[in-house]
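Listed below, chain by chain, are the residues.
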Amino acid sequence: NAGVMQNPRHLVRRRGQEARLRCSPMKGHSHVYWYRQLPEEGLKFMVYLQKENIIDESGMPKERFSAEFPKEGPSILRIQQVVRGDSAAYFCASSPQGSIYGYTFGSGTRLTVV
Amino acid sequence: TQLLEQSPQFLSIQEGENLTVYCNSSSVFSSLQWYRQEPGEGPVLLVTVVTGGEVKKLKRLTFQFGDARKDSSLHITAAQPGDTGLYLCAGPQGGSEKLVFGKGMKLTVNP
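Quantities reported herein were computed from a predicted structural model and do not represent experimental measurements. (Residues numbered from 1 in each chain as written. Chains lettered and ligands numbered in written order. Predicted model: local features only at pLDDT ≥ 70, side-chain atom pairs only at ≥ 80, totals over all residues. Heavy atoms only, no water.)

(A) Focus on the sheet that holds strand E1 (residues 5–7) of chain B. Residues and elements named next belong to chain B. Strand order in this open sheet of five strands is E1-E3-E8-E7-E6, and the pairing throughout is antiparallel. Edge strands, defined here as strands with exactly one partner in the open sheet, are E1 and strand E6 (55–58). The sheet shows a mean angle of 15° between the axes of neighbouring strands, taken without regard to direction. As judged from the three bridges shared by E1 and strand E3 (residues 19–24), these two strands associate in the antiparallel manner. Within the sheet, the bridge partner assigned to Ser7 lies in E3 and is Tyr22. (Pairing = 2+ DSSP bridges. Helix = DSSP H or I, 4+ residues; strand = E, 2+ residues; numbered from the N terminus. Axes fitted to C-alpha atoms, helices over the stretch in contact; angles between N-to-C directions.)

(B) Inspection of the pattern of salt bridges at higher detail. Applying the stated criterion to the full structure yields eight salt bridges over all chains. Across the pair Arg9(A) and Glu41(B) runs a salt bridge, and its minimum N-O distance is 3.6 Å. One end of the pair, Arg9(A), is in the loop between strand E1 (5–7) and strand E2 (10–13); the other, Glu41(B), is in the loop between strand E4 (32–37) and strand E5 (44–49), on a second chain. Note that Lys56(B) is salt-bridged to Glu54(B), the shortest N-O span being 3.8 Å. Among the ionic contacts, a cluster of salt bridges with common partners joins Glu18(A), Arg20(A) and Arg78(A). (Salt bridge = Lys/Arg side-chain N within 4 Å of Asp/Glu carboxyl O.)

(C) The arrangement of the interface of chain B and chain A in detail. Taken together, the contacts link 21 residues of chain B with 22 residues of chain A. Contact between chain B and chain A buries roughly 1,700 Å² in total, counting both sides, with carbon and sulfur atoms accounting for 52%. Interface area lost by chain B to chain A is led by Glu97(B), Lys98(B) and Phe101(B), which between them contribute 33%. Applying the counting criterion to the chain B and chain A interface returns two salt bridges. Across the pair Asp56(A) and Lys98(B) runs a salt bridge whose closest N-O atoms are separated by 3.8 Å. The interface formed by chain B and chain A holds nine residue pairs in polar contact (both at pLDDT 80 or more) in total. Put simply, the parts of the chain that give the side of chain B that touches chain A at least two residues each are E4, E5, strand E9 (85–92) and strand E10 (99–101) of chain B. (Contact = heavy atoms within 4.5 Å. Buried area = accessible area lost by both parts, 1.4 Å probe. Polar contact = N/O pair within 3.5 Å; in protein donor to acceptor, adjacent residues only side chain to side chain.)

(D) Layout of the pairing of E6(B). Alignment of E6(B) against strand E7 (residues 61–65) of chain B, held across four bridges, turns out to be antiparallel. Pairing of Lys57(B) across the sheet is with Thr62(B), part of E7(B).

(E) The arrangement of the side chain of Asp86(A) in detail. Residues and elements named next belong to chain A. Relative to the elements of secondary structure, Asp86 occurs in the loop between strand E8 (75–79) and strand E9 (88–95). When its relative accessible area of 3% is taken as the criterion, Asp86 is described as buried. Once residues within four sequence positions are removed from consideration, Asp86 is found in contact with Arg36, Arg64, Phe65, Ile79, Leu111 and Val113. (Buried < 20%, exposed > 50% of the residue type's maximum accessible area, 1.4 Å probe, protein only.)

Honestly, it's all geometry; don't read function into it.
Here you go:
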């Protein structure tokens, strides 16, 4: 029974390139969340999705960032035209019934923009 | 925005010592969760507390939810090097599905 799978674990992009981060939730989990972690800021909410629907994207920057969770396949967090400030650890989490009882997190994707 | 303040932010102790981590807010939470995160990995859920005054034990870890559901504590008895990590508290942000996290307490247990 695999947990939340994220890939790649490490991603290096040059400024201006696109970054695509993938997340497969735990089997049976229909709620997917993306968080960003910076050393001095802690974990910050980005977006909450269910299959084919964005439920809450209040933590997403207005430009360059997008997320999807298609009917088939993993959830994707896409960052266009990356800048150095996008360098961070990006974590995906899933839950079977919302946040009240907690999430299962993946191991994260560490994005470095050079 | 509801905030969770954790204290202390850093703690370095010797194996066998006891410690308590605090998680405080001025807001009421429907539940609070504790996670432990090791370097290079994602947070791992330790416990969820839901009822005011609730106490839960997980081996040497004791978690308590305040009566007013605004604060929580984590007590570790006889700490071991394997307890080293970042301890995070989190709670659902009022009426929404997103969790708000404290900045964490970085624990180092020296052998």
